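# Coordinates in review
In case you want the letters, here they are:
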Amino acid sequence: MASRLNPYIQFDGKAREAMEFYQSVFGGELTSSTFAEFGASSGPDDENQLMHSQLETPSGFTLMASDTPQGMSYNPGQNISVSLSGDDEELRGYYEKLADGGEVTAPLEKQMWGDEFGMVTDKFGINWMVNIGQS
């Protein structure tokens, strides 16, 4: 799979509603998984909220979103990240370069879904998510 860059929006319990709205605007195929489906629920308040949602549109747009998990702060205006994903090892280098002078908010490491994932806030305050799929 070729690497891709797309927005990743975080919501405070409204990810499903927002993504269904975006699907009505742009069309395309929407897939969603809850925290409970990944075994990552912190309790009944978030088990039906979205851990990950992805909209692939006929125009080639990709939009990803999730609800903010319990215990993490939701900060409107800071609730969007840029997502880099693919199975290309080049992504590891991007992660390291983005982290240089910035702040690692989640180390790049193997996750429950099988990929390597990490998060960085670069030296300009931009949030980045890097997901390296296992080919």
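The structure contained in this document is the topic of the report that follows. (Residues numbered from 1 in each chain as written. Predicted model: local features only at pLDDT ≥ 70, side-chain atom pairs only at ≥ 80, totals over all residues. Heavy atoms only, no water.)

### Structural notes on the overall build of the protein chain
Spelled out, the test is: What counts as a helix is a DSSP run of H or I of at least four residues, what counts as a strand is a run of E of at least two, and both are numbered from the N terminus. When we talk radius of gyration, it's over C-alpha atoms, and the globule rule is simply 2.2 Å times the number of residues to the 0.38.
Scanning the protein chain for helices and strands turns up two helices and eight strands. Reading the protein chain from its N end, one meets helices and strands in the order β-α-β-β-β-β-α-β-β-β. Relative to the compact-globule value of 14 Å for 135 residues, the protein chain shows a C-alpha radius of gyration of 15 Å, a close match. Along the longest, intermediate and shortest principal axes, the C-alpha atoms of the protein chain span 35 × 35 × 30 Å.

### As for the nonpolar core
To keep it simple, the criterion reads: Nonpolar cores were defined as sets of buried Ala, Val, Leu, Ile, Met, Phe, Trp, Tyr and Cys residues, with membership established by side-chain atoms within 4.5 Å. Partly exposed residues are those whose accessible area sits between 20% and 50% of the maximum for their type, while under 20% is buried and over 50% is exposed, using a 1.4 Å probe and protein chains only. Residues are treated as being in contact if the distance between any of their heavy atoms lies within 4.5 Å.
Of all hydrophobic cores here, the largest spans 10 residues; its members are L84, L91, Y95, L98, A99, L108, V120, W128, V130 and I132. At the level of secondary structure, the elements contributing two or more residues to this core comprise α2 (90-99) and β8 (127-132). Broken down by element, this core gets its largest block of residues, four residues, from α2. If we skip the residues at most four places from it in the chain, L84 touches R4, L5, L91, Y94, L98, W128, M129, V130 and N131. Within the second largest apolar cluster, nine residues are counted, among which are A15, M19, L55 and L63.

### Considerations on the environment of W128
As a reminder, the rule being used: A 3.5 Å cut-off defines polar contacts: any pair of N or O atoms within that distance qualifies, except that in protein one atom must be a possible hydrogen donor and the other a possible acceptor, and neighbouring residues in sequence count only when both atoms are side-chain atoms.
Looking at the element boundaries, W128 is found in strand β8. Among the residues examined, W128 registers a relative accessible area of 16% and is labelled buried. When neighbours within four sequence positions are excluded, W128 is seen to be in contact with L5, V82, L84, L98, G118, M119, V120 and D122. Here the side chain of W128 touches D122 through a polar contact of 3.0 Å, side chain to side chain.

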